[in-house]
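# Descriptive structure summary
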Amino acid sequence: GGEPRLGAAVPLLRAALKLTRRASRRRAPHQPDHRAVAAEPSPVKRLTVADLAAVVELQTAVTAGLPAGFIWPRTEQTLRGYLDGTLGAAYGIAEGDALVAVSLLRVPGSEHPLAGPRFRLVPEADWPRHACFLENTMVLPAARGRGYQRTLVGTRVAHAASAGMRWACAGIAL
């Protein structure tokens with residue numbers, strides 16, 4: 001797989017404030033709110049190892065028609081690390097019994113600190129233990145346009161803040 005080469009890092013407080021402001025903006029009556037397409041979206045839930053097969057199935061469905069290398073799919077072993085909490089956390093949204101969105105948060109720990117080149121905006125002292133990564137988010141095509149990605153970003157930022165992270169980073173592999 002590739003390593004993040006381009007990316008952004010923002011202090012968690014600023015990221016949380018931006019999400020709050022965006023969520024509280026009101027739309028003019030003539031502007032449709034695409035986030036409201038689903039009348040009652042299922043709540044976000046923290047995924048566990050018991051959800052591994054559903055996560056793999058969703059990843060396969062999302063990446064099936066994409067050109068090779070367009071998305072860096074995670075191996076089952078890596079996904080298991082998010083699902084069991086070793087590498088961070090995995091969150092999902094279900095419609096009925098079907099998982100339709102999944103999102104990963106890389107949270108460093110004492111046994112798994114961040115490695116590799118740090119993002120320039122993150123102070124060196126914060127890099128190995130106080131910077132987290134907003135990793136893959138995948139939403140099934142039929143469930144897009146319902147605000148699930150935004151909801152999962154907010155959930156991950158809240159998790160990161162509660163885990164003592166000071167920075168939320170996101171990057172792309174080239």
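If you're wondering where the values come from, they're calculated on a predicted model, not measured in any experiment.

Procedures and definitions
Note on numbering: residues in each chain are counted from 1, in written sequence order. pLDDT decides what is reported in this predicted model: residues at 70 or higher carry local features, side-chain atom pairs at 80 or more are listed and counted, and totals for whole chains, interfaces and linings draw on all residues regardless. Only heavy atoms go into the side-chain values, all of them from the structure, while hydrogens and water stay out. Numbering of helices and strands runs from the N terminus, with a helix taken as a DSSP run of H or I at least four residues long and a strand as a DSSP run of E at least two residues long. Here the term buried applies to any residue with accessible area under 20% of the maximum for its type, exposed to any over 50%, and partly exposed to those in between, with areas from a 1.4 Å probe on protein chains only. Residue contacts are defined here by distance: any two heavy atoms, one from each residue, within 4.5 Å place the two residues in contact. With residues, only the protein chains shown are counted as cover, and all accessible areas are computed by Shrake-Rupley using a 1.4 Å probe. Per residue, pLDDT measures the predictor's confidence, with a range of 0 to 100. Within this document, salt bridges are pairs made up of a side-chain nitrogen of Lys or Arg and a carboxyl oxygen of Asp or Glu, the two lying within 4 Å of each other. Pairs were defined over the aromatic rings of Phe, Tyr and Trp, the Trp ring being its six-membered one, requiring ring centres within 6.5 Å. Orientation was assigned from the angle between planes: stacked under 30 degrees, edge-to-face over 60, tilted for the rest. The rule is short: NZ of Lys or CZ of Arg within 6 Å of the ring centre and within 35 degrees of the ring normal puts a charge over the ring.

Moving on, we come to the overall build of the protein chain. From N to C terminus, the protein chain includes five helices and six strands. When the helices and strands of the protein chain are listed from N to C terminus, the series reads β-α-β-α-α-β-β-α-β-α-β. Taken over 174 residues, the protein chain has a buried fraction of 35%. Within the protein chain, contacts between residues at least 6 apart in sequence are counted, and of these 73% link residues at least 24 apart. Approximately 10,300 Å² of the protein chain is accessible, and the part contributed by carbon and sulfur atoms is 55%.

Before going further, it helps to spend a moment on the confidence of the model for the protein chain. Averaged over every residue, the pLDDT of the protein chain is 80; the share at 70 or more is 74%. Across residues 1–6 the pLDDT falls below 50, and counting only partners more than four positions away or on other chains, this stretch makes 17 contacts in the model. Scored below 50 in pLDDT, residues 19–39 makes 18 contacts in the model with residues more than four places away or belonging to other chains.

Our next topic: the pattern of salt bridges. Pairing is possible between side chains that carry opposite charge, provided their charged atoms lie close to one another. The final tally for this structure, using the stated rule, is four salt bridges. The salt bridge involving E95 is made with R146; its shortest N-O contact spans 2.4 Å. Residue E95 is located in strand β3 (residues 88–95), and its partner R146 is located in the loop between β5 (131–139) and α5 (148–162); the two are separated by 51 residues in the primary sequence. On the accessibility criterion, E95 (29% relative accessible area) is partly exposed. In this structure, R166 engages D126 in a salt bridge whose closest nitrogen and oxygen atoms are separated by 2.5 Å.

Glancing now at the packing of aromatic side chains. Scanning the entire structure with this criterion turns up three aromatic pairs. Among the aromatic residues, ring-to-ring pairing joins F119, W127 and F133 into one connected group. Positioned above the aromatic ring of W72, the side-chain terminus of R74 is 4.5 Å from the ring centre.

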